[in-house]
Amino acid sequence: MGSFCVNFISALLFSTFFRNSIALHTNLVTETEHVIHQMLESARQPEFFDWLKSIRRTIHEHPELAFEEYETSKLISNELESLGIKYMCGVAKTGLVGTIGSGSQPWFGLRADMDALPIQELVDWEHKSKINGKMHACGHDVHVAMLLGAARLLQNRTDMLKGTVKLVFQPAEEGYGGASYLLEEGVLDECQAIFGLHVSPQLPIGTIGSRPGPILAGSGRFKATIQGKGGHGTAPHKTKDPILAASMTILALQQLVSRETDPLEPRVVSVGFVNSGLAGNVIPTSIEFGGTFRFMTLEGYSYLQRRIKEVIESQATVYLCSATVSFMEEMRPYPPTINDPKLYEHARKVGQVLLGEHNVVHVLIEMAAEDFSFYSQKMAAAFFSIGTQNETITSSSIDLHSPYFTVDEEVLPLGAALHAAVAISYFDPHALMQQEA
């Protein structure tokens, strides 16, 4: 009888504890979801939304190229100061890193890139670029505005932070690997994870997309000069024709993917420019050409780099010319971008709470490259696309890096709230776990 009473009481206590645990977890989930929705509501308030648009438009009107983002940096520092957020400036020359929270562990990073492109804007609107030959054609003005919006949302909720958020305003994403320089300065050495967003004209407004694991390719560049012997076009036998050598070389480079690469492994080799003579009846002395190569593994990078050099040099020799090959490593090659599966899953769940389950989509791997990849080599990283396409705005579906690129500014509060929600919920690993039956 005594044993029965002990077992009964033990079972009763366990049952009570189990029910209380479920109730506590349910309350936690409900509270977290409430905070997430509350942040989106805050970001959509007219005053907040107008502030976001003002920041984005000011940056859009004054685009700055890689490592030249001085005015953009000054604007960001002024906004951080007005919000009472501490920051470091001059990181990787023109970048900034802000800090929200006590500084205690864990640290979670939110990143926005800042630089523009050397493109002449052809969109005729009130806030068109005021700098000839420069344009925010990749949405980095939007990225900065969204991250400043997240900073404001988080700064108003510091009592809820169970760690430290690092706001990473990064220079020089477009070709110069600004992320790698920022990491080399050690400002994120204690950061456990980082989240990034990029606008996408392929996705409708109100949606986000990503995938676990590999999501974007790594990239490298090459430039070659083939030296021959020039002469008159009527006496080709007296020349060593670099144009013929380059033509055959460019054709041979295509076999690196079509005949030397496993069809199931994504790789790309593309020649993007050729420069040579000026007269139609003169065979020039030399020719210059170059392009890009893409890969999904570091082994793929090493292989393509070695074979591109071998093919160019050997083909030049076949046509009695010589060749030099540069891989332009002053513009650092980008590794592939790899999403950490756990952090991806966390951000996906936050997105489902914020936007609805059907508005979080699984995307395919792309052979585009991003220097967010450098973060993914150092810490858990998750990179998501956020839609800017609006069927009522025809130009909003035009691709990135176009002089006609346009965004629907309704994305601004969505991105701000998503950044903030991913960060604030990261510090409680149980906040968005599905309750088990």
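Everything discussed here concerns the structure shown above.
About the thresholds
- Residues numbered from 1 in each chain as written.
- Predicted model: local features only at pLDDT ≥ 70, side-chain atom pairs only at ≥ 80, totals over all residues.
- Heavy atoms only, no water.
- Pairing = 2+ DSSP bridges.
- Helix = DSSP H or I, 4+ residues; strand = E, 2+ residues; numbered from the N terminus.
- Axes fitted to C-alpha atoms, helices over the stretch in contact; angles between N-to-C directions.
- Contact = heavy atoms within 4.5 Å.
- 1 Å grid on protein atoms, 1.4 Å probe; cavity = no way out; pocket = protein on both sides within 12 Å on 5 of 7 lines; lining within 4 Å.
- Points joined across faces, edges and corners; volume = space filled by probe spheres on them.
- Nonpolar A, V, L, I, M, F, W, Y, C, P; charged D, E, K, R; others polar.
- Polar contact = N/O pair within 3.5 Å; in protein donor to acceptor, adjacent residues only side chain to side chain.
- Salt bridge = Lys/Arg side-chain N within 4 Å of Asp/Glu carboxyl O.
- Buried < 20%, exposed > 50% of the residue type's maximum accessible area, 1.4 Å probe, protein only.
- Expected span 1.5 Å × (residues − 1).

Draft legend 1. Fine view of the sheet that holds strand β13 (residues 322–326). Ordered in space as β10-β12-β8-β13, the four strands form an open sheet in which the pairing is antiparallel. Looking along the sheet, the strands with just one partner apiece sit at the ends: β10 (268–275) and β13. Each strand of the sheet is rotated relative to its neighbour by a mean of 20°, with strand direction disregarded. Direction of pairing for β10 relative to strand β12 (residues 286–295): antiparallel, over a ladder of seven bridges. Across the sheet, Ser270 pairs through a bridge with Thr292, a residue of β12. Lying on the sheet, helix α6 (residues 242–253) is in contact with β8 (218–227), β10 and β12; it crosses β12 at an angle near 10°.

Draft legend 2. Looking closely at the layout of surface pockets. Taken as a whole, the largest pocket encloses approximately 810 Å³ of empty space. Around the largest pocket, the lining is made up of 28 residues, and of these Glu366, Ala368, Ala369, Leu400 and His401 lie nearest the centre. For the lining of the largest pocket, the secondary structure elements donating two or more residues are β5 (191–204), β7 (213–216), β8, β12 and β16 (380–389). The element best represented in the lining of the largest pocket is β5, accounting for five residues. Considering only residue class, the lining of the largest pocket consists of 13 nonpolar, eight polar and seven charged.

Draft legend 3. Up close: the side chain of Thr164. Relative to the helices and strands, Thr164 resides in strand β4 (residues 164–170). At a separation of 2.9 Å, a polar atom in the side chain of Thr164 contacts the main-chain amide nitrogen of Gly103. Of note is the side chain of Thr164, whose polar atom sits 2.7 Å from the backbone oxygen of Ser104. When residues no more than four places from it in sequence are discounted, the contact partners of Thr164 are Thr99, Ile100, Ser102, Gly103, Ser104, Pro106, Trp107, Phe108 and Phe427.

Draft legend 4. Focus on the pattern of salt bridges. Under the criterion given, the structure shown has 19 salt bridges. Between Glu184 and Arg332 there is a salt bridge; the shortest N-O distance is 2.8 Å. Here Glu184, found in helix α5 (residues 178–184), pairs with Arg332, found in the loop between β13 and β14 (337–339); they are 148 residues apart in sequence, far enough to count as distant. For Glu184, a relative accessible area of 56% translates into the label exposed. According to the relative accessible area criterion, Arg332 is partly exposed, its value standing at 22%. With its nearest N and O atoms 2.9 Å apart, the salt bridge here joins Glu310 to Arg307. Of this pair, Glu310 and Arg307 both sit in helix α8 (residues 298–318), three residues apart, which is roughly one turn of that helix. In this structure Glu310 comes out as partly exposed when scored by relative accessible area, which is 32%. What you see here is one network of salt bridges that share partners, running through Arg56, Arg57, Asp141 and Glu409.

Draft legend 5. Fine view of helix α9 (residues 341–355). Look at α9: 20 Å from first C-alpha to last across 15 residues, which is about the 21 Å you get at 1.5 Å a residue. Counting buried positions along α9 yields eleven of 15 residues, so the element is predominantly enclosed. At the N-terminal boundary of α9, the capping side chain belongs to Asp340, with an oxygen 3.2 Å from the backbone nitrogen of Lys342. Of the residues flanking the end of α9, it is Gly356, one or two places downstream, whose phi is positive at about 100°.

Worth remembering: the numbers are spatial, not functional.
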